[in-house]
Amino acid sequence: ITHEIIKRLPQDKPVYLGQCAPTGQTPFAPVYDILRQASGTKGPPEAVLQTFAHLCDPHRLASVLAPIANHTDTLQRALEERELLLDLLRVLQRETGAVYVIEDVHWVDNGTNGLLQSLTTAPLPFVITALPTFQASWQRNAGITTIQLAPLSEAAIHEIVQAHFDTPASPALS
């Protein structure tokens, strides 16, 4: 369904994809995925942020880029990073009309989950996928549309396989 939504967006709107991973809890990992795509930069978060330095508050950027050991309050540093990332997402959206996709949010890290929660005060266009069992407080906010999908029937699975591979599905698929 994500592909179908993206396909229907105007062609002049860039779409950037972030992926939550089942292993590890790298803070803001899907947001950095999005920013890597937007900048064409590979590498660690610090390298990605440097490519956007011209769009950032210089004091906030310096604070986020400072070594972790320099921070006496790690929670404050994490909040500054979240605000910096939100600012970047807002600027990119304003300048390009970008739409952001984060997949598999049922594996979301705490930092990204907090970022998504803070969008309730200043929304951005996100398409977010998660298993139906995933529940977060931000999902109940105004402006959030949830589409619950039922599992595909066996006949629908066979139809998709046939359409994709141009051959009937194997009986072993059943």
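This text follows the structure it describes.
Presented here is a report on the structure given in the accompanying data block. (Residues numbered from 1 in each chain as written. Predicted model: local features only at pLDDT ≥ 70, side-chain atom pairs only at ≥ 80, totals over all residues. Heavy atoms only, no water.)

### Examining the environment of V48
Next up, step 1: With respect to the helices and strands, the residue V48 is situated in helix 3 (residues 45-51).
Next up, step 2: Sequence spacing of V48 and A38 is 10 residues, and the spatial spacing of their C-alpha atoms is 9.6 Å.
Next up, step 3: Leave out the neighbours within four places in its chain, and V48 touches Y32, L35, R36, T41 and G43. (Helix = DSSP H or I, 4+ residues; strand = E, 2+ residues; numbered from the N terminus. Contact = heavy atoms within 4.5 Å.)

### Details of the layout of surface pockets
Next up, step 1: The space that makes up the largest pocket amounts to roughly 1100 Å³.
Next up, step 2: Around the largest pocket sit 33 residues that line it, and I128, T129, T145, T146 and I147 are the ones nearest its centre.
Next up, step 3: Looking at which element gives the most residues to the lining of the largest pocket, the answer is strand 3 (residues 126-128), with 3 residues.
Next up, step 4: Of the residues assigned to the lining of the largest pocket, the class counts are 19 nonpolar, 11 polar and 3 charged. (1 Å grid on protein atoms, 1.4 Å probe; cavity = no way out; pocket = protein on both sides within 12 Å on 5 of 7 lines; lining within 4 Å. Points joined across faces, edges and corners; volume = space filled by probe spheres on them. Nonpolar A, V, L, I, M, F, W, Y, C, P; charged D, E, K, R; others polar.)

### Points about the packing of helix 5 (residues 74-96) against helix 6 (residues 110-118)
Next up, step 1: Here helix 5 crosses helix 6 at 55°, and the two axes come no closer than 10 Å. One way to sum up the angle between helix 5 and helix 6 is to call them oblique. Crossing geometry of helix 5 relative to helix 6 is assigned as right-handed. Where helix 5 approaches helix 6, its residues R82, L85, L86 and L89 are matched on the opposing element by G111, G114, L115 and S118.
Next up, step 2: A breakdown of the residues in the contact of helix 5 with helix 6 according to their chemical character gives 4 nonpolar, 3 polar and 1 charged. (Axes fitted to C-alpha atoms, helices over the stretch in contact; angles between N-to-C directions. Parallel < 35°, antiparallel > 145°, perpendicular 65-115°, else oblique. Left-handed = near helix turned anticlockwise from the far one by under 90°.)

### Quick look at the sheet that holds strand 3
Next up, step 1: Taken in spatial order, the 3 strands of this open sheet run 1-2-3, and their pairing is parallel. Where the open sheet ends on each side, the last strands, each with one partner, are strand 1 (15-19) and strand 3. Adjacent strand axes in the sheet meet at a mean angle of 20° when their direction is disregarded.
Next up, step 2: Across 5 bridges, the pairing between strand 1 and strand 2 (residues 99-103) is parallel. Across the sheet, the residue bridging to L17 is V101, located in strand 2.
Next up, step 3: Across the sheet, helix 2 (residues 29-39) is in contact with strand 1, strand 2 and strand 3; its angle to strand 1 comes to roughly 145°. (Pairing = 2+ DSSP bridges.)

### With respect to the pattern of salt bridges
Next up, step 1: The full count for this structure, using the stated rule, is 7 salt bridges.
Next up, step 2: In this structure, K7 engages E4 in a salt bridge whose closest nitrogen and oxygen atoms are separated by 3.4 Å. A residue pair is termed a helical-turn pair when its members lie 3 or 4 positions apart in one helix, as K7 and E4 do in helix 1 (residues 2-7) at 3 residues.
Next up, step 3: The exposure class assigned to K7 is partly exposed, which follows from its relative accessible area of 48%.
Next up, step 4: The exposure class assigned to E4 is partly exposed, which follows from its relative accessible area of 33%.
Next up, step 5: Between R60 and D87 there is a salt bridge, with its nearest N and O atoms 2.8 Å apart. Of this pair, R60 sits in helix 4 (residues 58-65) while D87 sits in helix 5, and the two are 27 residues apart along the sequence.
Next up, step 6: Through salt bridges with shared partners, a single ionic network connects E4, K7 and R8. (Salt bridge = Lys/Arg side-chain N within 4 Å of Asp/Glu carboxyl O. Buried < 20%, exposed > 50% of the residue type's maximum accessible area, 1.4 Å probe, protein only.)

The values reported here are purely geometric and, on their own, carry no functional implication.
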